Amino acid sequence: MPPEKGPLACGAEAIGRMASLERILEAARAALSPQDLKGHHLVITAGPTREPLDAVRFISNRSSGKMGYALATVALRRGAQVSLITGPTSLPPPPGAHTVSVETTTQMHQAVLQHTRQASALLMAAAVADFSPYPEEKKIEKTGKLALKLKPTVDILADISKKRKGIFLVGFAAEAGPMVGRAEEKLRAKGLHMVVFNDVLEPGAGFDSETNKVVILDRWGGKVELPLLSKEEVAYEVLDRYKALKT
Ligand code: PMT
């Protein structure tokens, strides 16, 4: 492991610090892992988007980014080149990933367009806003009731499916109930190869938990129902499935 940059005992700020234990551990995990995704360039999205409402407020959701970051970490461990396009989260960027930070759906769309030119796959674990307000330049003053007018955002996956032929597309479907059928509809409507269904009302699944419980569906009729697993274990399953289906 090379030394890291930071404050040194002599008072200087330079390269010379021992790598963090987490980095050393992750390097050991990668060294011991089969490099079965070497040669794959995966673009992974994570976290929420924020849609500005005025100068100080925004509309967002409860995504922590944990699912997308787990995918990025496991993909790197297995030898993939990873571009991680992330909405605001409190997670440290996975070492080795090319991490791009964005806020709005429009910014995420632009970053995904830019990074998918040569990519093998796009995996969208981000919780992208479906609607955004018409933002006010100044702070909206409190003057009684306020009705918000919202417009639909661009559907990033559907757009990439039209513009980037040959890329393998994986969507995540966050449903409030056991509605696997809705995930199947998203698979078809967005032109996906795979969709990962999670019922966000189930305890331990979906938003801001350490675990997830998913069903992986694909356009060839495959269906894998998994038990409650850590998000890292779910990432292994999703990437195994991607690898098996990608020709
Ligand atoms: O971040 P965590 O706290 O770990 O939580 C993980 C998660 C619950 C956010 C994740 O597992 C998940 O389900 N992500 C997708 C959430 C979502 O936006 O679902 P959806 O059913 O609304 O959208 C379906 C797919 O279309 C998603 O892949 C989404 O990224 C994509 N999409 C949605 C809207 C939009 N305008 N453009 C898109 O590309």
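Above this note sits the structure.
A. Structural detail: the site of the ligand. Near the ligand, the surroundings consist of 29 residues, among which S63, S64, K186, N198 and D208 are the closest. In this structure, G65 approaches the ligand through a main-chain N or O atom, which is 2.8 Å from an oxygen atom. Here A174 contributes a backbone N or O atom positioned 3.3 Å from an oxygen atom of the ligand. Here the ligand has 770 Å² of accessible area as a free molecule, and 96% of this is covered by the chains. By residue number, the principal contributor to the shell around the ligand is strand 11 (residues 168–175), which donates four residues. Of the residues that constitute the shell around the ligand, the class distribution is 14 nonpolar, eight polar and seven charged.

B. Up close: the sheet that holds strand 14 (residues 214–218). With mixed pairing, eight strands are arranged side by side in an open sheet as 7-6-3-8-11-12-14-15. With partners counted over all chains shown, the strands left at the sheet margins are strand 7 (98–101) and strand 15 (223–225), one partner each. Averaged over neighbouring strand pairs, the angle between their axes works out to 15 degrees when direction is ignored. When strand 14 meets strand 15, the two strands line up antiparallel, connected through three bridges. Each residue of the ladder has a partner; that of I216, found in strand 15, is V224. The sheet strands contacting helix 4 (residues 156–163) are strand 8 (121–124) and strand 11, and the helix crosses strand 11 at an angle near 165 degrees. Each of strand 11, strand 12 (194–199) and strand 14 touches helix 5 (residues 180–189); the most contacted strand, strand 11, lies at about 150 degrees to it.

C. Broad picture of the pairing of strand 14. Of all five residues that make up strand 14, five are buried, and the element is covered over most of its length. Alternating positions in strand 14 separate into two faces, V214, I216 and D218 on one and V215 and L217 on the other, with burial throughout. Between strand 14 and strand 15, which pair antiparallel and follow one another directly, the connecting turn spans four residues, one of which, G221, has a positive phi of 95 degrees.

D. Focus on the side chain of S64. Secondary-structure assignment places S64 in the loop between strand 5 (58–59) and helix 2 (66–77). Given the relative accessible area of 13%, S64 is considered buried. At a separation of 3.2 Å, a polar atom in the side chain of S64 contacts the main-chain amide nitrogen of K66. In this structure, S64 is in contact with T89, L91 and D208, ignoring residues within four places of it in sequence.

E. Quick look at the environment of M108. Tracing the backbone shows M108 in helix 3 (residues 105–115). By relative accessible area, which is 0% here, M108 ends up buried. Through-space distance from the C-alpha of M108 to that of V128 is 8.6 Å; in sequence the pair is 20 residues apart. Excluding residues that lie within four positions of it along the chain, M108 makes contacts with T45, A46, T49, I85, T86, G87, V102, A126, V128 and I156.

F. Molecular detail of the packing of aromatic side chains. Per the stated rule, a full pass over the model turns up one aromatic pair. Seen in terms of ring centroids, F168 and Y242 are 5.2 Å apart; in terms of plane orientation they differ by 75 degrees. Their pairing is edge-to-face. In this pair, F168 is assigned in strand 11 and Y242 in helix 6 (residues 231–245), connecting sequence segments 74 residues apart. Geometry around Y134 places K151 over its ring, the cationic atom sitting 4.3 Å from the centre. Over the ring of W220 we find R219, and its NZ or CZ is 5.9 Å from the ring centre.

The rules we used
Residues numbered from 1 in each chain as written. Predicted model: local features only at pLDDT ≥ 70, side-chain atom pairs only at ≥ 80, totals over all residues. Heavy atoms only, no water. Near = heavy atom within 4 Å. Polar contact = N/O pair within 3.5 Å; in protein donor to acceptor, adjacent residues only side chain to side chain. Areas by Shrake-Rupley, 256 points an atom, 1.4 Å probe, with all protein chains shown as cover. Helix = DSSP H or I, 4+ residues; strand = E, 2+ residues; numbered from the N terminus. Nonpolar A, V, L, I, M, F, W, Y, C, P; charged D, E, K, R; others polar. Pairing = 2+ DSSP bridges. Axes fitted to C-alpha atoms, helices over the stretch in contact; angles between N-to-C directions. Contact = heavy atoms within 4.5 Å. Buried < 20%, exposed > 50% of the residue type's maximum accessible area, 1.4 Å probe, protein only. Phe/Tyr/Trp six-rings, centres within 6.5 Å; stacked < 30°, edge-to-face > 60°. Lys NZ or Arg CZ within 6 Å of the ring centre and 35° of its normal.

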